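Descriptive structure summary
So the chains spell out like this:
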Number of protein chains: 2
Amino acid sequence: MGTRTHRTVLIGQGNVATLLAERIDAEHFPLTKVGGRQRLCPIPKDADLYIIAVSDRAIRSVAEEIGAVEGLVVHTAGSVPMSILPQQRRGVLYPLQTVSKNRELSSLQVPLFIEASSDADLPLLEELAHGISTSVTPLDSDGRRKLHLSAVFCCNFVNRLYGIAGDLLSSEGLPFKLLLPLIRETASKVEYLSPSEAQTGPAVRWDTEVMDYQCSQLPNEDLKALYKLMSKLIHDDKLRLEKHTSTRL
Amino acid sequence: MGTRTHRTVLIGQGNVATLLAERIDAEHFPLTKVGGRQRLCPIPKDADLYIIAVSDRAIRSVAEEIGAVEGLVVHTAGSVPMSILPQQRRGVLYPLQTVSKNRELSSLQVPLFIEASSDADLPLLEELAHGISTSVTPLDSDGRRKLHLSAVFCCNFVNRLYGIAGDLLSSEGLPFKLLLPLIRETASKVEYLSPSEAQTGPAVRWDTEVMDYQCSQLPNEDLKALYKLMSKLIHDDKLRLEKHTSTRL
């Protein structure tokens, strides 16, 4: 199969579509790009592969527009089940990354997760995926939804914590960039330690004096509630780890 | 002053003491290391500089043991005010980092924040600090406490979110390392975008369908509460940004 070419239609104009357009091996997957909602030209009907890289809510209507084709139709969303696609030959190609405009994409590592309604279609998705990324894992719709949920915690929520930290600093007239070495190292540590092993700070020591003082310094009730909840979760994890360790002794 | 030597005593045996012992310019700050609580030898009384790098709760007793010396006495804690030290010549040398055992320290960037009770002692701390780090900022005790609080959010709390994400993945039999490219990129993005600009995910789009589903998948009430609170904080920040932008137009 590696020497065949597969005529491919990529629908979308957002960050994921841009990423895929830049990465797809055009020699084996000659690409026709079709814009998103405001596209002017119709979608070709004779392609071997259709990649729907539009917002979650627009996937169904794009799939219906593609209609009854012989090619394989895939979407790229984390939390949308494969079954939203009406086609019989359907699948998913999910890139686990946070893509923003203006980001230099060439060095970005993008783990891919693939699913196909038929085992016979998995090799085609694998060939496509291996041209895009060195990390390719088959995963069904339930697993992919759980993966997307975990990404919300370690990307979207983490990013907001960066913002809260920056807001606290700017109230002292200090620039956000002072936090960058700490942010970098916190991300680097979990490459060789588990998050539980890497945990530091007042909550893991359960230093109530520091914790009470810090909580009192927060500017609103939401942040105080967040401080208490995160501290509890850190402490619970430590107790869980200790119990687990002592049980194994 | 750069050619003088300053006899220095470093008290402590934890991660910060290890970091400082490795970084301090021993030519200009000849170092006597004294262990933490279980030290065997007495603390010399004739040093020019004493660095107390012990746990927050032990600072006061170590400072009292040092007693009335002529040298400058500093501690290294984020949330402990300089005034805890009984000496007249006192100060703080606070490294903003998360240091764990087994970490190769040589390449670690460590922003330092310094404070001294007398302006006359600031140059000595500056000379010491510039030998350790390229990033040195004077900051008073209130500012340092706020800095430490912001570090709790972007390091300690972030690390726990990594752990929660990993726990969710392992419930699907997937390894934590699949998240590392996303964790790395989330940390890298805020080097060139503000956290508000870098925000992605269902909460910033206020995609209630995905959010309700994701929340329902979480295994306990604490995580559901955390999911709702973080989503609200992300959305509030977006509204604040939009309001700010439209006000400026």
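What you see as residue numbers is a count from 1 along each chain, following the sequence as written. For naming, the first written chain is A and the first written ligand is 1, with later ones following in the order written. Local features in this predicted model are restricted to residues of pLDDT 70 or higher, and side-chain atom pairs are both shown and tallied only at a pLDDT of 80 or more, whereas totals for entire chains, interfaces and linings draw on every residue. Only hydrogens and water are set aside when side-chain values are computed; all heavy atoms of the structure are taken into account.

Thoughts on the overall build of chain A
Each helix and strand counted, chain A has nine helices and seven strands in total. The C-alpha atoms of chain A give a radius of gyration of 23 Å, which is well past the 18 Å a tight globule of 249 residues would have. In this scheme, a residue with accessible area under 20% of its type's maximum is buried, one over 50% is exposed, and one in between is partly exposed, where area comes from a 1.4 Å probe on protein chains only. Counting over 249 residues, chain A shows a buried share of 56%. Residue contacts follow a heavy-atom distance rule, with two residues in contact if any of their heavy atoms lie within 4.5 Å. Put simply, of all contacts in chain A between residues at least 6 apart along the chain, 50% involve residues at least 24 apart. Just so you have it, chain A exposes about 11,200 Å², and 51% of that area is on carbon and sulfur atoms. For the purpose of counting charges, residues Lys and Arg are taken to be positive, whereas Asp and Glu are taken to be negative. His and the chain ends are not included. Taken as the charge centre is NZ of Lys, CZ of Arg, CG of Asp or CD of Glu, depending on the residue. Between the centroid of the 28 positive side chains of chain A and the centroid of its 30 negative side chains there is a distance of 3 Å. Numbering of helices and strands runs from the N terminus; a helix is a DSSP stretch of H or I covering at least four residues, while a strand is a stretch of E covering at least two. Throughout, radius of gyration means the C-alpha value; the globule benchmark is 2.2 Å times the number of residues raised to the power 0.38. The method behind every accessible area is Shrake-Rupley, applied with a 1.4 Å probe, and residues are considered shielded solely by the protein chains displayed.

Brief notes about the interface of chain B and chain A
The interface is formed by 91 residues belonging to chain B together with 91 residues belonging to chain A. Computed with a 1.4 Å rolling probe, the buried area is the accessible surface lost when two parts are put together, summed over both parts. Overall, the association of chain B and chain A removes approximately 8,600 Å² of surface from exposure, summing both partners, and the carbon and sulfur fraction of that is 65%. Polar contacts, as used here, are pairs of N or O atoms within 3.5 Å; protein pairs need one atom able to donate a hydrogen and one able to accept it. Residues neighboring in sequence count only if both atoms are side-chain atoms. At the junction of chain B and chain A, the tally comes to 34 residue pairs in polar contact (both at pLDDT 80 or more). Counting residues per element, the ones that place at least two in the side of chain B that touches chain A are helix H4 (141-170), helix H5 (180-189), helix H6 (195-198), helix H7 (202-205), helix H8 (208-216) and helix H9 (221-248) of chain B. At 26 residues, the largest contribution of residues to the side of chain B that touches chain A is made by H4(B). In terms of residue class, the side of chain B that touches chain A is built from 48 nonpolar, 23 polar and 20 charged. In the scheme used here, Gly and all other residues not listed as nonpolar or charged are polar, with Ala, Val, Leu, Ile, Met, Phe, Trp, Tyr, Cys and Pro taken as nonpolar and Asp, Glu, Lys and Arg as charged.

As for the relation of the copies chain B and chain A
Turning chain B through 180 degrees and shifting it by 0.0 Å along the axis lays it on chain A, with an RMSD of 0.0 Å. Given the turn and translation reported, the copies of this chain are related as if by a two-fold rotation axis. In terms of proximity to the rotation axis, the leading residue of chain B is Val158(B), whose C-alpha is 2.7 Å off the axis. Here the copies were fitted onto each other by least squares, based on C-alpha atoms from residues at pLDDT of at least 70 in both.

Some points on the packing of aromatic side chains
Ring pairs shown here join Phe, Tyr and Trp side chains whose ring centres sit within 6.5 Å, with only the six-membered ring taken for Trp; geometry is labelled stacked below 30 degrees between planes, edge-to-face above 60, and tilted in between. Applying the stated rule across the entire model yields six aromatic pairs over all chains. Both rings, one in Phe153(A) and one in Tyr227(B), keep their centres 6.3 Å apart while their planes meet at 55 degrees; by these two values the pair is tilted. Of this pair, Phe153(A) sits in helix H4 (residues 141-170) while Tyr227(B) is found in helix H9, placing the two residues in two different chains. The ring of Tyr213(B) is capped by Arg145(A), whose NZ or CZ atom sits 3.7 Å from the centre of that ring. Any Lys NZ or Arg CZ found within 6 Å of a ring centre and within 35 degrees of that ring's normal is scored as a charge over the ring.

A few points about the sheet that holds strand E2 (residues 31-34) of chain B
Residue and element names in this part refer to chain B. Paired strands are those between which DSSP finds at least two bridges. As summarised here, the arrangement of the seven strands in space is E2-E1-E3-E4-E5-E6-E7, forming an open sheet in which the pairing is mixed. The sheet is open, and its two edges are formed by E2 and strand E7 (136-138), each paired on a single side. Pairs of neighbouring strands in the sheet enclose a mean axial angle of 20 degrees, with direction left out of account. Taken together, the three bridges between strand E4 (residues 72-75) and strand E5 (residues 90-95) define a ladder with parallel strand orientation. A fitted line through C-alpha atoms serves as each axis, taken over the contacting stretch for helices, and the angle formed by two N-to-C directions is quoted from 0 to 180°.

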